[in-house]
There are 4 protein chains.
Amino acid sequence: MTTVSGFLYPRTATGRSSLIPSPPWHYSGDLLTVEYRTDPARVRELLPEPLELAQDDPGAVALIWADWQSCATSREELLDPVRAQYKEAFAVVRCSYRGRTYSRCVYIWVDKDFAIARGIHQGYPKKLGSIHLTRPHPYGPAPKIEAGARFGATLAAADRRLAQAVVTLREPARSNGFVNGHPMAHHRLLPSIEKGGGLALDELVESGAAAVEGGVPWRGEADLELFEAPTEELARLEVREPIAAYYRQVGVVWDGGTLLESPAKDRS
Amino acid sequence: MTTVSGFLYPRTATGRSSLIPSPPWHYSGDLLTVEYRTDPARVRELLPEPLELAQDDPGAVALIWADWQSCATSREELLDPVRAQYKEAFAVVRCSYRGRTYSRCVYIWVDKDFAIARGIHQGYPKKLGSIHLTRPHPYGPAPKIEAGARFGATLAAADRRLAQAVVTLREPARSNGFVNGHPMAHHRLLPSIEKGGGLALDELVESGAAAVEGGVPWRGEADLELFEAPTEELARLEVREPIAAYYRQVGVVWDGGTLLESPAKDRS
Amino acid sequence: MTTVSGFLYPRTATGRSSLIPSPPWHYSGDLLTVEYRTDPARVRELLPEPLELAQDDPGAVALIWADWQSCATSREELLDPVRAQYKEAFAVVRCSYRGRTYSRCVYIWVDKDFAIARGIHQGYPKKLGSIHLTRPHPYGPAPKIEAGARFGATLAAADRRLAQAVVTLREPARSNGFVNGHPMAHHRLLPSIEKGGGLALDELVESGAAAVEGGVPWRGEADLELFEAPTEELARLEVREPIAAYYRQVGVVWDGGTLLESPAKDRS
Amino acid sequence: MTTVSGFLYPRTATGRSSLIPSPPWHYSGDLLTVEYRTDPARVRELLPEPLELAQDDPGAVALIWADWQSCATSREELLDPVRAQYKEAFAVVRCSYRGRTYSRCVYIWVDKDFAIARGIHQGYPKKLGSIHLTRPHPYGPAPKIEAGARFGATLAAADRRLAQAVVTLREPARSNGFVNGHPMAHHRLLPSIEKGGGLALDELVESGAAAVEGGVPWRGEADLELFEAPTEELARLEVREPIAAYYRQVGVVWDGGTLLESPAKDRS
């Protein structure tokens, strides 16, 4: 009798081929956040029942660029950094579930396969993209994290630019925004392999960081542009009113979540 | 009450953001296949129960490079070819399930996100890689599909070369190999979002092409090299005895499969 | 006394590290050509003296996508195809020099470093880009080279789409256009390493294929769009009047050219 | 009479399409340096006359990984960071010219086209590669710049890994090495467009930073591995004896150099 191991595929006798190792997953990175208000109807149309619009400020959106180094328990990825480093850009809205407010990532692009795989596990709807954000640096022309510093951020996918922002920092702040500040309410879904078979997996899950540390957030304002593309709807979350922009350096641990409901299983 | 649509994530009101549209999926492509025998114990260790070694020629392996253009029903991807073209390299073995012989992809690398997403649906354990194979061409120095023609093929991931082959064609053949000629028996799995929660999805599925057309296969021989890497075990399928190599141009339709068993659901 | 060898840098004792080997260079590839007329003033502003506008049809432009496999005399690149395959998109105009009509590439993007290096030698002003074009295929959904077949082609650089075309083939033709049909008149230039030192290299060179073979060209029409970008001026060559579009498979040999003039050297 | 402008190609009426703007060029970045001794004969074979081996420690080599953000005078690239950020890995040796000691880059790989173009100007023999190095970060699992911190660095080209290092920091130091500490003596060369025509450009140039600022260098030791590849000779600079490894954050300005000699022009 053979058993195979590995947190995800491909599973082998040793488990070391798995595209991702088991959580906990550890992250060091920089977050550039642009918050704004869009038409709440554009948010609502992305919230399948039983999720509802958040009661407070329902049209708030956060578009976040992140520049990460990540690893599992062994930390070996950090020393072969092609396996540790990735960038991502993602759009977060808020929603309400059973009276509680959650954050929810509605679009996300990353630039490595291990990040896609983690997203499948966590319910982040990840595609590949090309993501860039200015990095702070203590010497030369790059900005430091200080008043007046300017950071650029861009996102492209399938050879089209989808978003670009220029953020100017103004002052230290108490947080780096409120839209991405709740536990995440995400769906994990996979269609049945059989035609017309509905969903084989259909879960609403909750997760959040098991631990967060970080530097002083800085707040400022952003010029943000979103662009149309045939297979993307990010630009439907059009900017009605800017809120603020933020820069923060953080360390994060992620270590699993909670199943909120699984309609398919509940029906079985 | 909001509903969202889309075959896969991200799901939206229109469904057009989905990383992949619904099957059927249509493919035009070239297949370079290298078949050889490895130690059957190395195949067996990749077959979780209830799969067993194939009775006939249990150590047979096919390492296949493919250069694809693919699309869904609208065929619009073909006119924005960054969304249609991808390459892949994959290792296939055979196995037995309930007395029937299946093919099974044990490792696979692709170079686009939509191909990863299809693999999640079909049970192919896809990672990102860099894949290259010589293309036949009627003019200039590139080979034609004819006796003596030589084709190269390479695979790399995480900045390491994992495999390379040089194939020399000898003569037309009746097939392009036997290892990848059966229906596929694949697992689809996803761990529970909860720590220690086992598998949330654990399915054994069968699928195969809904339609295949193609040119005359050509047979020849290959020089194949496999290389070690910290997170890969392809090289454990070491070459004990070459069988043959093949080149074939094909058109394929894939349109769903069959659930063979779902232990988790069966237990519930 | 040490000598180093190699056609280009880096030069070593063996010469095998050179980014490109010596000509002749051999190419197999497919050419998708879109010809149209723009304002001749937009062409003239790209022609430094002593080049002048072509007398006949001075506003004609060809925007060409090419999908190549290339090699030097040993042909070894073809068997390690990451070193042979590349794609490019380039804009060609015509000009007049000493009463003779030349073609001239005014913008070009490629996706490999060896292609950039060849361009430095040949006077093609190459940048990196992401280039895609539909490939003909005998099976499945991809087009064949026949009446009604449709091919897409796209170009992006620095994460912005710069051009896209959809070409529909109508009938066989006698050529694949006239704009790129003359010897090329290109400048090769390099600024002095010294500030304000002018040009260290400033040559006007002529070159063309040493040999060409190819299939029957097909003609049709194109929908072409050009897009603005901060560091690109391709879109200034705006489409005033479509001419035609073409598809052709070719084999080409390039083996050096002729120095027409070298103002800096002539002055010395 | 038309004139075109731009520091490099493509030259246009406005000059804004040039692959690189005029110097000065400004850089913010991190340097990971591994110094060791190789057989001095392996260094000598890379030094064309009139360059000679450095008198002191002639077999010393520095293999340097750098993670840069760069821009020209306008600094606009920093706000569209796909145009500012790049990484490189390069091998530096020392040499003697007219009794003075110079540094000389003998191999270098970068990951952006504007970096290749600057290298053509400065005489760095740049190819494209895939370069990664661990970045220091104040939070989470990534290392800080402190005693015991470990950084990984890797280099690949043409889908083969060429070098990898793991550096462990021990203590602050007075410099980040001595091999790359002199003015650079580089060749700029371009073959004649005419077959057998020798070199059209053949210059020995000197350049160095116009300004440097930086943090405290840290010293430690490295595990360095070099790998063979068909078109690379980096591994010929084999490690005989480790010297030390260094990490330093710097800001640099480059603003031109000096022509030392131009044999072709001198002969004319």
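From a predicted model like this one, the values you see are computed outputs, not experimental measurements. (Residues numbered from 1 in each chain as written. Chains lettered and ligands numbered in written order. Predicted model: local features only at pLDDT ≥ 70, side-chain atom pairs only at ≥ 80, totals over all residues. Heavy atoms only, no water.)

K.L.:
Lay out the overall build of chain A in plain terms, naming residues and giving numbers.
P.N.:
Assigned secondary structure in chain A consists of three helices and 13 strands. Taken over C-alpha atoms, the radius of gyration comes to 19 Å for chain A, in line with the 18 Å a tight globule of 268 residues would show. By principal-axis analysis of the C-alpha atoms, chain A measures approximately 65 × 45 × 35 Å. Counting every position in chain A, which comprises 268 residues, the buried fraction comes to 66%. Sequence-distant contacts, at least 24 apart, represent 67% of the contacts inside chain A between residues at least 6 apart. Split by element, the accessible area of chain A, about 9400 Å² in all, is 46% carbon and sulfur. Both charge centroids of chain A, one from 31 positive and one from 34 negative side chains, sit 2 Å from each other. (Helix = DSSP H or I, 4+ residues; strand = E, 2+ residues; numbered from the N terminus. Rg over C-alpha atoms; globule rule 2.2 N^0.38 Å. Buried < 20%, exposed > 50% of the residue type's maximum accessible area, 1.4 Å probe, protein only. Contact = heavy atoms within 4.5 Å. Areas by Shrake-Rupley, 256 points an atom, 1.4 Å probe, with all protein chains shown as cover. Lys, Arg positive; Asp, Glu negative; His and termini not counted. Charge placed at Lys NZ, Arg CZ, Asp CG, Glu CD.)

K.L.:
With reference to specific residues and values, describe the packing of aromatic side chains.
P.N.:
If you walk through the whole model with that rule in mind, you get 32 aromatic pairs over all chains. With centroids separated by 6.2 Å and ring planes inclined at 35°, the aromatic side chains of A:Tyr107 and A:Trp109 adopt a geometry described as tilted. The pair A:Tyr107 / A:Trp109 is uniform in exposure class, with both members buried. In this structure an aromatic cluster arises from ring pairing among A:Phe7, A:Trp25 and A:Trp254. Here the basic side chain of A:Lys126 rests over the ring of A:Tyr124, its NZ or CZ set 5.6 Å away from the ring centre. Directly above the aromatic system of B:Trp25 lies the positively charged group of B:Arg118, at a separation of 5.5 Å from the ring centroid. (Phe/Tyr/Trp six-rings, centres within 6.5 Å; stacked < 30°, edge-to-face > 60°. Lys NZ or Arg CZ within 6 Å of the ring centre and 35° of its normal.)

K.L.:
So, empty space enclosed by the protein: which residues are in play, and what are the values?
P.N.:
Per the stated rule, a full pass over the model turns up six cavities of 30 Å³ or more. Within this model, the second largest cavity holds a volume of roughly 50 Å³. C:Thr12, C:Ala13, D:Arg42, D:Glu45, D:Leu46, D:Tyr107, D:Glu233, D:Arg236 and D:Leu237 together form the lining of the second largest cavity. (1 Å grid on protein atoms, 1.4 Å probe; cavity = no way out; pocket = protein on both sides within 12 Å on 5 of 7 lines; lining within 4 Å. Points joined across faces, edges and corners; volume = space filled by probe spheres on them.)

K.L.:
If you had to explain the relation of the copies chain D and chain C to someone new, which residues and values would you point to?
P.N.:
When chain D is fitted to chain C, the best match, at an RMSD of 0.0 Å, comes from turning it 180° and sliding it 0.0 Å along the axis. Given the turn and translation reported, the copies of this chain are related as if by a two-fold rotation axis. For chain D, the smallest separation between a C-alpha atom and the rotation axis is recorded for D:Leu201, amounting to 3.3 Å. (Least-squares fit on C-alpha atoms with pLDDT ≥ 70 in both.)

K.L.:
Go over the interface of chain D and chain C with me, naming the residues and quoting the values.
P.N.:
On the side of chain C, 69 residues touch chain D, which itself brings 69 residues to the contact. Counting across the chain D and chain C interface gives four salt bridges. Measuring nitrogen to oxygen at the nearest pair gives 2.9 Å for the salt bridge that ties C:Asp255 to D:Lys195. Contributions of two or more residues to the side of chain D that touches chain C are made by strand E5 (100-110), helix H2 (113-122), strand E6 (126-128), strand E10 (184-191), strand E11 (199-214) and strand E13 (241-261) of chain D. Considering every element that reaches the side of chain D that touches chain C, the biggest residue donor is E13(D), with six residues. (Salt bridge = Lys/Arg side-chain N within 4 Å of Asp/Glu carboxyl O.)

K.L.:
So what's going on with the environment of A:Trp25? Which residues, and what values?
P.N.:
All names here are of chain A. Position of Trp 25 relative to the elements: it lies in strand E1 (residues 25-37). The class of Trp 25 is buried, set by a relative accessible area of 1%. Measuring from C-alpha to C-alpha, the distance between Trp 25 and Gly 256 comes to 9.3 Å, with 231 residues separating the pair along the chain. Contact partners of Trp 25, with chain neighbours within four places excluded, come to Phe 7, Ile 20, Cys 71, Ala 72, Arg 118, His 121, Gln 122, Val 252, Val 253 and Trp 254. There is a polar contact of 2.9 Å between the side chain of Trp 25 and the backbone oxygen of Pro 21. (Polar contact = N/O pair within 3.5 Å; in protein donor to acceptor, adjacent residues only side chain to side chain.)

K.L.:
Now, about the interface of chain B and chain A: what can you tell me, with residues and values included?
P.N.:
Taken residue by residue, the interface counts 68 residues in chain B and 68 residues in chain A. Buried surface at the junction of chain B and chain A, both sides included, amounts to about 5900 Å², of which 60% is carbon and sulfur. At the junction of chain B with chain A, the criterion picks out four salt bridges. The interface formed by chain B and chain A contains 28 residue pairs in polar contact (both at pLDDT 80 or more). Secondary-structure elements contributing two or more residues to the side of chain B that touches chain A are strand E5 (100-110), helix H2 (113-122), strand E6 (126-128), strand E10 (184-191), strand E11 (199-214) and strand E13 (241-261) of chain B. (Buried area = accessible area lost by both parts, 1.4 Å probe.)

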